Amino acid sequence: MDIRSVTPTLCRLMGIDPPTTCQVPPLESVLDAWGLRLEASPVDRVLVYGADAIGRIFLDSHPDLKKRLVAASDIQVELRAMTPPKTPVCFASMFTGAMPAVHGIRRYERPVLTCDTLFDALARAGKRAAIVAVGDCSMDIIFRGRQIDYFIEQDDAAVTARTLALLKEDRHDFIVSYNQEYDDTLHRTRHDGPEALAAARRHVETFVELSQAIEELWSGCSRALLFVSDHGAHYDAAKGRSDHCDDIPEDMDVLHFWRLREAR
């Protein structure tokens, strides 16, 4: 399975039709966790926390971070990124359910997608969705033009603050909150160096903070929480810094974390 499966799984959980581009089935392990409740009781609210470039091998090398994510989730799913493992390629596939040849982003480029996406499917179903991201990142750009709300901030801290404010307002059924500091840092230094590791820790702690917030603020709704990443990274000695561009486990393997809760 690969990261395309995120979209059909979310659509099945929310009881809506997937985008026409979707090519893969949902994740059975996630649906099984929701069990027989699925048909009668679709999930009311979804928060997707996207942490750029946090790969499975990186988490395996830092068990304290992985332990924090496991503790805040119910289900862990190993998936593969898209080729090439570049942010716009991967997030386009994650939120369409389609291969790069179908959605059209096949390298590091950031056009506004013209194909059907998860955000179009949400709008058709009458769901109010929001993207919260740092300005001029891929998540800010490639999903523009949809009937959703865009909250574009200066940095990750502002993204988190805005996300918490949206949770309190409870005007949205679906929120993507995207952080990028770890990816920004690894491209300047090493993906496993002290500066990048500090950024990764902040991403993990942000996820834990958001998980605690939805338990308080969305307790009256059935809800799903996800920690997703688009790809991993590796150190490139020739460049003297880390990167992600190769079909290798360090770049391609990711671990996603899901949590599902009924209304209280």
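Described below are features of the structure shown in this document. Bear in mind the structure is a predicted one, so any value in this text is a computation, not a measurement.

1. Section: the packing of aromatic side chains
- A complete count under the given rule lists 11 aromatic pairs for this structure.
- Here Phe-58 and Tyr-182 contribute two aromatic rings whose centre-to-centre distance is 5.1 Å and whose plane-to-plane angle is 45°, an arrangement assigned as tilted. You can see Phe-58 sitting in helix 4 (residues 56–61) and its partner Tyr-182 sitting in helix 11 (residues 181–188), a full 124 residues away along the chain.
- When its relative accessible area of 6% is taken as the criterion, Phe-58 is described as buried.
- Assessed through its relative accessible area of 0%, Tyr-182 is described here as buried.
- Put simply, the rings of Phe-91, Phe-95, Phe-119, Phe-143, Phe-174 and Tyr-178 pair up and form one aromatic cluster.

2. Some remarks on the side chain of Thr-9
- Along the chain, the position of Thr-9 falls in helix 1 (residues 6–14).
- In this view, Thr-9 contacts Pro-26, Leu-27, Val-30, Leu-31 and Trp-258; residues no more than four positions away in its chain are not counted.

3. Concerning the pattern of salt bridges
- Under the criterion given, the structure shown has 28 salt bridges.
- The partner of Arg-56 in a salt bridge is Asp-60, and the shortest N-O contact between them spans 2.7 Å. Here Arg-56 and its partner Asp-60 are both found in helix 4, 4 residues apart, which amounts to about one turn of the helix.
- With relative accessibility at 17%, the residue Arg-56 sits in the buried group.
- Several salt bridges share partner residues, and in doing so they unite Arg-56, Asp-60, Lys-66, Arg-80, Asp-247 and Asp-253 into one network.

4. Structural notes on the layout of surface pockets
- Roughly 210 Å³ of volume is contained in the largest pocket.
- Among the elements that make up the lining of the largest pocket, the one with the highest residue count is helix 11 (3 residues).
- Considered class by class, the residues forming the lining of the largest pocket number 3 nonpolar, 5 polar and 5 charged.

5. Focus on the pairing of strand 2 (residues 75–80)
- Of the two faces of strand 2, only the one carrying Ile-75, Val-77 and Leu-79 is buried; Gln-76, Glu-78 and Arg-80 on the other face are not.
- Here 6 bridges tie strand 2 to strand 9 (residues 253–261), and the two strands are oriented antiparallel to one another. Bridged to Leu-79 within strand 9 is Val-254.

6. Regarding the nonpolar core
- Core analysis: the biggest nonpolar cluster contains 51 residues, and Phe-95, Met-139 and Phe-174 have the highest contact counts within it.
- If we skip the residues at most four places from it in the chain, Phe-95 touches Thr-7, Val-48, Thr-117, Leu-118, Phe-119, Met-139, Phe-143 and Val-176.
- Counting 37 residues, the second largest nonpolar core, distinct from the first, contains Ala-53, Val-208, Leu-225 and Leu-255.

7. Section: the sheet that holds strand 5 (residues 174–179)
- With respect to topology, 7 strands assemble into an open sheet ordered 2-9-6-1-5-3-4, the strand pairing being mixed. Each end of this open sheet is capped by a strand with a single partner; those strands are strand 2 and strand 4 (149–153). The average angle at which neighbouring strand axes cross in this sheet is 15°, direction not considered.
- As judged from the 4 bridges shared by strand 3 (residues 129–134) and strand 5, these two strands associate in the parallel manner.

8. A closer look at the environment of Gln-154
- Mapped onto the elements, Gln-154 comes out in the loop between strand 4 and helix 10 (156–169).
- On the basis of relative accessible area, Gln-154 is assigned to the exposed category, the value being 77%.
- Spatially, the C-alpha atoms of Gln-154 and Ser-29 are 36 Å apart, while their sequence positions differ by 125 residues.

9. Quick notes on the pairing of strand 3
- Most of strand 3 sits inside the fold, with 6 of its 6 residues counted as buried.
- Neither face of strand 3 is left uncovered, since the one carrying Ala-129, Ile-131 and Ala-133 and the one carrying Ala-130, Val-132 and Val-134 both have all their residues buried.
- Pairing of strand 3 with strand 4, which is carried by 5 bridges, proceeds in the parallel orientation. Bridge pairing links Val-134 to Glu-153 in strand 4.

Thresholds applied
Residues numbered from 1 in each chain as written. Predicted model: local features only at pLDDT ≥ 70, side-chain atom pairs only at ≥ 80, totals over all residues. Heavy atoms only, no water. Phe/Tyr/Trp six-rings, centres within 6.5 Å; stacked < 30°, edge-to-face > 60°. Helix = DSSP H or I, 4+ residues; strand = E, 2+ residues; numbered from the N terminus. Buried < 20%, exposed > 50% of the residue type's maximum accessible area, 1.4 Å probe, protein only. Contact = heavy atoms within 4.5 Å. Salt bridge = Lys/Arg side-chain N within 4 Å of Asp/Glu carboxyl O. 1 Å grid on protein atoms, 1.4 Å probe; cavity = no way out; pocket = protein on both sides within 12 Å on 5 of 7 lines; lining within 4 Å. Points joined across faces, edges and corners; volume = space filled by probe spheres on them. Nonpolar A, V, L, I, M, F, W, Y, C, P; charged D, E, K, R; others polar. Pairing = 2+ DSSP bridges. Core = buried A, V, L, I, M, F, W, Y, C linked by side-chain atoms within 4.5 Å. Axes fitted to C-alpha atoms, helices over the stretch in contact; angles between N-to-C directions.

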